[in-house]
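Notes for the structure review
Here is how the chains run, residue by residue.
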Amino acid sequence: MRAKLIVAGAGASIAALSVVAIVAFLIAKEAISDSVMNGLTAVSTNQRQQIESMFAHYKVDLKKVSGDTQITQSLRHFVATRDPVDRLVMNQILVDRLDGDSDDEYFDIHDTKGSIVASSDPGHIGPSSYNSMLDGILISVGPVDTSDGVMSVRMSEPIVFDGRTIGYVTVQHSGEELNDIATGYLGRRETGETLIVSRDSGGNIRYITSLRFNENGDFYRSIKEPEVNRIESLALTGYHGSGTDLIDYRGERVFGVYHFIESANIGLAVKIDEAEALSPLIGLGRGLIIAIVIVSMAIISAAFVIARYLVDPIGRLTRAAESFSKGDLSSRVSVESTDEVGILSETFNVMAERLQTANEELESRVESRTTDLRRSNQDLEQFAYVASHDLQEPLRMVSSYTQLLSRRYSGQLDDDADEFIGFAVDGAKRMQSLINDLLLYSRAGRQEETFEEIDMNGVLEEVLSNLESRIDSADCTVEFSELPQVVADRRQLVSIFQNLIGNSIKYRAADRASHITISARRLSAACEFAVTDNGIGIDPAFTDRIFTIFQRLHGRDEYQGTGIGLAVVKKIIERAGGSIRVESIPNEGSTFFFTVVDREVSANTENHDERNDLRAAS
Amino acid sequence: MPQVNILLVEDSPGDVRLTIEALADAKISNDISVASDGVEALEFLRNEGDFVDAVRPDLILLDLNMPRMDGRELLGIIKDDDDLRHIPVVVLTTSQSEKDILESYDLRANCYITKPVDLDQFLVVVNSIQEFWLSIVKLPPGRTDQAA
């Protein structure tokens, strides 16, 4: 039971806690992911706004230049006359503009063919390779000067006169501000990063912001179109989206949110490593496992404690009760607590003690009673024997001399004398008979027994031969089927059968031939015999009386006998450990059933005597 | 007809009379002497005391239970005595006890008879005794010289 308790406890706790842990974990993961994604979304949205605002700001500044009437006039004039003064004027204005904004690097003014006609940096004047404005792209971001790898933002704005574009003004900002936007957000932690990417003329992806995880700081890279879920390429698809299963340039799994900023043709991706995003979960997971282990151990310990304080005592109590019921009356149980179990144990002990004591008392009482009984029986037996033996002698005198009188003087005295003598003789004879039978009865079952394997058929043949003359004169038929073999005392069996069959012959019906049947059937440790006759039968009211000593159901004139036969038979049978009963229908017949215990051949006389003594008392 | 001398050792007068009555009808004429206990019987057999002229019996009918000296003791003495041991002793007693039977034969009684309680049967038994012991059986011849 203890094992069951512990296993059940452990199993249940681990199962339950595991389920809870898993659910908690999943919920936590969901929550954390949501939280991270929300954060990323907020950051990216904020950054996008900042970038767009930055561009707007740049545009406003640029428009100040493109809308400057002096510039417009000068450009118009220059395009027409190519007057160097116009250039100088424009240059000066550009230089002045530059000072106002620390972020600007230079201003260029292009003609419609693309050549730079004026600039804040005179070195730029000349044909330009920068044709983006001709492509319609007014903002381009990317490194112009690859030697120091610094990113820049270039913006162009058309200069319009009279509804016609006469040129462009381009400004180049350093990319510092963009970089700051990209890197300056809360919640970057260890792996958070904003990528700003664009597609180059070859269709490859270009990294505009510096890469956090690249020591070289080489952020101008092109990569061939990468695999699915690559956050950089997703950012350039033109759609806004997010995902928790994206991959970055390191091949790491990231959570990310991406935007496409159409005005600048750049993609914005804010990401954080999945590992870092879900890092709280590790702690949670660890914590849950530790909790499961601790709680399980606690439950197992509790189970052990329960086992020790509840199950074990109950087990001990059960075993003590079992062994007590099996006969060990000295079994007790140790009391180790004061709770209900302790009380139960205590109570059991008290009860067992009382039972044991009572049993011992009973045993000793039985023993002393048995001794008394045995002695009393012996006294009785002795008395019966001595009495009947000593009575014999004087009785013999009376009997013999009355008979002698009768012999010698019958006919010589008067009729009265004859009659008187007759009654005296008769009385003496009957007394003789009674004493004889009393002696027989007192001796019955007390003689030494010898147990041997007996062939019952042989026993019956002996009996029938003893009764031969009576059987013949009564014209009886006796039959018996195959009788079993039993281990018992032969003399007793002969005596019993002789008595019963003798009775059947004596109490035969007058109007039909007497037929006696003997049969037997086996019981578990004994054999039941039956003697059936078709005689006069017995009134059911008297079936107990007939086994009583000297009890008769008929007058002396009808059937002779002292009425001791069945009492003797019953005594012999019961002394031998069996029982006798009768079933009878008046005027039809009777059947006497008796059991004979089948014994081992080694006689156990001591126990036998003891049992016999007890039987005699009943 | 030769006379047979029988010594009846019996303490109950009633039984003595019965036995005598029974033997009265015997075919062989017999003369019965009676001793009422072992001491008397011994005096009789040794011709001592009152019985100086006693005739040596040819048959002794012996009861077992008697006062002073009982039949068992007497039997032992008789059968040990060179002079007396040849006399057949028929133990005639009411006892049916196996112990008594065995003891008697042990003490070399010639036979043991239980007295029937019924008179008729008793008469039959006594008749049988005298038939057997007095007519069928050859009794030892009487010794002519009794004194050494």
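Above this text you will find the structure in question.
Reference entry: report on the structure contained in this document. (Residues numbered from 1 in each chain as written. Chains lettered and ligands numbered in written order. Predicted model: local features only at pLDDT ≥ 70, side-chain atom pairs only at ≥ 80, totals over all residues. Heavy atoms only, no water.)

1. Points about the overall build of chain B
Along the backbone of chain B there are five helices and five strands. Its helices and strands in sequence order give chain B the pattern β-α-β-α-β-α-β-α-β-α, from N to C terminus. Burial statistics for chain B: of 148 residues in total, 51% are counted as buried. Put simply, chain B shows about 7,400 Å² of open surface, and 50% of that area lies on carbon and sulfur atoms. (Helix = DSSP H or I, 4+ residues; strand = E, 2+ residues; numbered from the N terminus. Buried < 20%, exposed > 50% of the residue type's maximum accessible area, 1.4 Å probe, protein only. Areas by Shrake-Rupley, 256 points an atom, 1.4 Å probe, with all protein chains shown as cover.)

2. Remarks on helix α13 (residues 490-506) of chain A
Residues and elements named next belong to chain A. Between its first and last C-alpha atoms α13 spans 24 Å; for 17 residues at 1.5 Å apiece the expected length is 24 Å, and the two agree. For α13, the complete set of buried residues consists of Gln492, Leu493, Val494, Ile496, Phe497, Leu500, Ile501, Gly502, Asn503, Ser504 and Ile505. The N-cap of α13, judged by a side-chain oxygen 3.1 Å from the amide nitrogen of arginine 491 a few residues on, is aspartate 489. (Expected span 1.5 Å × (residues − 1). Polar contact = N/O pair within 3.5 Å; in protein donor to acceptor, adjacent residues only side chain to side chain.)

3. Remarks on the sheet that holds strand β2 (residues 30-35) of chain B
Residues and elements named next belong to chain B. If you walk across this open sheet you meet the five strands as β2-β1-β3-β4-β5, and the pairing is parallel. Two strands lie at the open edges of the sheet, namely β2 and β5 (111-114), each paired on one side alone. Between one strand axis and the next, the sheet turns by 20° as a mean value, whatever way the strands run. Pairing geometry for strand β3 (residues 59-62) and strand β4 (residues 89-93), over three bridges, is parallel. Paired with leucine 62 across the bridge in β4 is valine 91. Contacts between helix α2 (residues 38-45) and the sheet are confined to β1 (4-9), β2 and β3, with β2 contributing the most and set at about 130° to the helix. (Pairing = 2+ DSSP bridges. Axes fitted to C-alpha atoms, helices over the stretch in contact; angles between N-to-C directions. Contact = heavy atoms within 4.5 Å.)

4. Observations concerning the packing of helix α1 (residues 2-66) of chain A against helix α8 (residues 279-325) of chain A
Residue and element names in this part refer to chain A. α8 packs onto α1 with a crossing angle of 160° between their chain directions and a minimal axis gap of 9 Å. Taken together, the axis directions place α1 and α8 in an arrangement best described as roughly antiparallel. The interaxial crossing formed by α1 with α8 has right-handed handedness. Counted by class, the contact of α1 with α8 contains 23 nonpolar, five polar and four charged residues. (Parallel < 35°, antiparallel > 145°, perpendicular 65-115°, else oblique. Left-handed = near helix turned anticlockwise from the far one by under 90°. Nonpolar A, V, L, I, M, F, W, Y, C, P; charged D, E, K, R; others polar.)

5. So, the interface of chain B and chain A
Put simply, an interface is often sized by how much accessible area is lost when its parts join up. Counting from both sides, the interface comprises 16 residues of chain B and, opposite them, 14 residues of chain A. For the pair chain B and chain A, the two sides together bury roughly 1,300 Å², of which 50% comes from carbon and sulfur. Taken together, the connections running from chain B to chain A amount to three salt bridges. The salt bridge involving arginine 408 of chain A is made with glutamate 21 of chain B; its shortest N-O contact spans 2.2 Å. Our enumeration of links across chain B and chain A arrives at five residue pairs in polar contact (both at pLDDT 80 or more). Put simply, the parts of the chain that give the side of chain B that touches chain A at least two residues each are α1 (13-24) and α5 (119-136) of chain B. (Buried area = accessible area lost by both parts, 1.4 Å probe. Salt bridge = Lys/Arg side-chain N within 4 Å of Asp/Glu carboxyl O.)

6. Regarding a nonpolar patch on the surface
Among the surface-exposed residues, Val19, Val23 and Ile27 of chain A lie close enough to one another that they form a single nonpolar patch of about 270 Å² accessible area. Its place among the elements puts isoleucine 27 of chain A in helix α1. (Patch = residues over 30% accessible without salt bridge, like charges linked within 9 Å, V, L, I, M, F, W, Y side chains within 5 Å.)

7. A closer look at the nonpolar core
Residue and element names in this part refer to chain A. Counting residues in hydrophobic clusters, the biggest one holds 40 residues, and the most contacted among them are Met456, Leu493, Phe497, Ile501, Phe592 and Phe594. Element by element, the count of residues in this core is highest for α13, at seven residues. What phenylalanine 497 contacts, discounting residues up to four positions off in sequence, is Met456, Val459, Leu460, Val463, Gly502, Ile518, Phe529, Val531 and Phe594. Ranked by size, the runner-up nonpolar core spans 32 residues in total, among them Ile93, Ala118, Ile208 and Ile266. (Core = buried A, V, L, I, M, F, W, Y, C linked by side-chain atoms within 4.5 Å.)

8. Here we look at the packing of aromatic side chains
Residue and element names in this part refer to chain A. The tally for this structure, following the rule as stated, stands at seven aromatic pairs over all chains. Arranged with centres 5.3 Å apart and planes meeting at 70°, the rings of phenylalanine 497 and phenylalanine 594 form a pair that is edge-to-face. Taken as a pair, phenylalanine 497 in helix α13 and phenylalanine 594 in strand β18 (residues 589-597) lie far apart in primary sequence, 97 residues in all. Put simply, the rings of Phe497, Phe529 and Phe594 touch in pairs and so form one group of aromatic residues. (Phe/Tyr/Trp six-rings, centres within 6.5 Å; stacked < 30°, edge-to-face > 60°.)

9. Observations regarding empty space enclosed by the protein
Residues and elements named next belong to chain A. Within this structure, the stated rule accounts for two cavities of 30 Å³ or more. There is about 110 Å³ of room inside the largest cavity. Elements with a minimum of two residues in the lining of the largest cavity: β14 (485-489), α13, α14 (565-575) and β18. Grouping the amino acids of the lining of the largest cavity by side-chain chemistry returns nine nonpolar, three polar and two charged. There is about 60 Å³ of room inside the second largest cavity. Looking at the second largest cavity, the residues that line it are Arg308, Tyr309, Pro313, Arg316, Ser334, Glu336, Ser337, Val341, Gly342 and Ser345. Considering only residue class, the lining of the second largest cavity consists of three nonpolar, four polar and three charged. (1 Å grid on protein atoms, 1.4 Å probe; cavity = no way out; pocket = protein on both sides within 12 Å on 5 of 7 lines; lining within 4 Å. Points joined across faces, edges and corners; volume = space filled by probe spheres on them.)

10. Description of the pattern of salt bridges
All names here are of chain A. Under the defined criterion, the tally for this structure stands at 35 salt bridges over all chains. Across the pair glutamate 361 and arginine 365 runs a salt bridge, and its minimum N-O distance is 3.4 Å. In this pair, glutamate 361 and arginine 365 are both assigned in helix α9 (residues 340-409), four residues apart and thus about one turn of the helix distant. Taking relative accessible area as the criterion, glutamate 361 reaches 42% and is therefore assigned partly exposed. Here arginine 365 falls in the partly exposed class, since its relative accessible area comes to 44%. For arginine 581, the salt bridge identified is with glutamate 528, shortest N-O distance 3.6 Å. One end of the pair, arginine 581, is in strand β17 (residues 580-585); the other, glutamate 528, is in strand β16 (residues 526-533), and 53 residues separate them in sequence. Connected through salt bridges with shared partners, the residues Glu193, Asp248, Arg250, Lys271 and Asp273 form a single ionic network.

11. What to know about the sheet that holds β18 of chain A
All names here are of chain A. Spatially, the five strands line up as an open sheet ordered β13-β15-β16-β18-β17, and their pairing is mixed. Here the strands that pair on one side only, and so sit at the sheet edges, are β13 (477-480) and β17. Direction aside, neighbouring strands of the sheet carry axes that sit 15° apart on average. Bridge count between β16 and β18: eight bridges; the pairing is antiparallel. Bridge assignment links aspartate 533 to a residue of β18, and that residue is serine 590.

12. Quick look at the environment of asparagine 110 of chain B
All names here are of chain B. Tracing the chain through its elements places asparagine 110 in the loop between α4 (98-106) and β5. In sequence terms asparagine 110 and histidine 86 are 24 residues apart; their C-alpha atoms lie 10.0 Å from each other. Apart from residues lying up to four places away in sequence, asparagine 110 is in contact with Lys79, Ile87, Pro88, Val89, Tyr105 and Trp133. Engagement of the side chain of asparagine 110 in a polar contact is seen with the side chain of lysine 79, the distance being 3.0 Å.

13. Examining helix α3 (residues 71-80) of chain B
Counting buried residues along α3 of chain B, seven of its ten residues qualify, which places the element largely inside the surrounding structure. Buried residues of α3 of chain B: Gly71, Arg72, Leu74, Leu75, Gly76, Ile78 and Lys79 of chain B, and no others.

14. Some points on the pairing of β1 of chain B
All names here are of chain B. The element β1 is extensively covered by neighbouring structure, given that six of its six residues are classed as buried. Neither face of β1 is left uncovered, since the one carrying Val4, Ile6 and Leu8 and the one carrying Asn5, Leu7 and Val9 both have all their residues buried. Note that β1 and β2 share six bridges and pair parallel. Of the residues in β2, the one forming a bridge with valine 4 is asparagine 30. Handedness of the crossover joining β1 and β2 through α1: right-handed. (Right-handed = clockwise from strand over helix to strand, strands pointing away.)

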